[in-house]
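Results of the structural survey
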Amino acid sequence: MEDMMEILEQELEEAVEVKNKKSLHRYIVLLTENIIRKDSYEKEQLELRSDIKTLAEIVKQGFEYMEKRFEVVDKRFEDMNKRFTMMFAFMNIGFTIIVLLTILFKFIA
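Residues numbered from 1 in each chain as written. Predicted model: local features only at pLDDT ≥ 70, side-chain atom pairs only at ≥ 80, totals over all residues. Heavy atoms only, no water.

Another point: the overall build of the chain. Counting secondary structure elements, the chain contains two helices and zero strands. Computed over C-alpha atoms, the radius of gyration of the chain comes to 42 Å, more than 25% over the 13 Å expected from 2.2 N^0.38 for 109 residues, which places it beyond the range of a compact globule. In terms of its C-alpha atoms, the chain occupies a principal-axis envelope of roughly 135 × 15 × 15 Å. Of all 109 residues assigned to the chain, the portion counted as buried reaches 5%. Across the chain, the centroid of the 17 positively charged side chains sits 14 Å from that of the 21 negatively charged ones. (Helix = DSSP H or I, 4+ residues; strand = E, 2+ residues; numbered from the N terminus. Rg over C-alpha atoms; globule rule 2.2 N^0.38 Å. Buried < 20%, exposed > 50% of the residue type's maximum accessible area, 1.4 Å probe, protein only. Lys, Arg positive; Asp, Glu negative; His and termini not counted. Charge placed at Lys NZ, Arg CZ, Asp CG, Glu CD.)

In structure tokens form, the structure reads like this:
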């Protein structure tokens, strides 16, 4: 960076009439510091974008995992619902048979 500062200072000194060399040097220092800040800012922005993309991918994977888990849970609830439906159907049939047998015994006796 020092080389760039010296080159800029020499080129500007040759291009224009310099009244104050210290002022020219301060100008070059300010200019190059601004270039450094812009460069580091761009690097930070790229890193931040990369981090955001990584986080977005992690969140996406999390949602995909949860969707799979919900599918498994939904299937389990469907299976349990079928079991309870069958259980209630057999209970109704059993109570119907008990009521019919009770009526038959009442008429026979």
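Let's pick the thread back up.
The next thing to look at is a nonpolar patch on the surface. Residues Val 73, Phe 77, Met 80, Phe 84, Met 87, Phe 88, Met 91, Phe 95 and Ile 98 make up a contiguous nonpolar surface patch of about 870 Å² in total accessible area. Relative accessible area serves as the criterion here: at 54%, Phe 77 is assigned to the exposed category. (Patch = residues over 30% accessible without salt bridge, like charges linked within 9 Å, V, L, I, M, F, W, Y side chains within 5 Å. Areas by Shrake-Rupley, 256 points an atom, 1.4 Å probe, with all protein chains shown as cover. Salt bridge = Lys/Arg side-chain N within 4 Å of Asp/Glu carboxyl O.)

Another aspect to go through is the side chain of Thr 32. Topologically, Thr 32 is positioned in helix α2 (residues 21-108). The class of Thr 32 is buried, set by a relative accessible area of 1%. Within the local environment of Thr 32, its side chain forms a polar contact with the backbone oxygen of Val 29, the two atoms lying 3.0 Å apart. (Polar contact = N/O pair within 3.5 Å; in protein donor to acceptor, adjacent residues only side chain to side chain.)

The next point concerns a negative patch on the surface. Residues Glu 57, Glu 64, Glu 67, Glu 71, Asp 74 and Glu 78 make up a contiguous surface patch of negative charge. Locating Glu 78 in the fold gives a position in helix α2.

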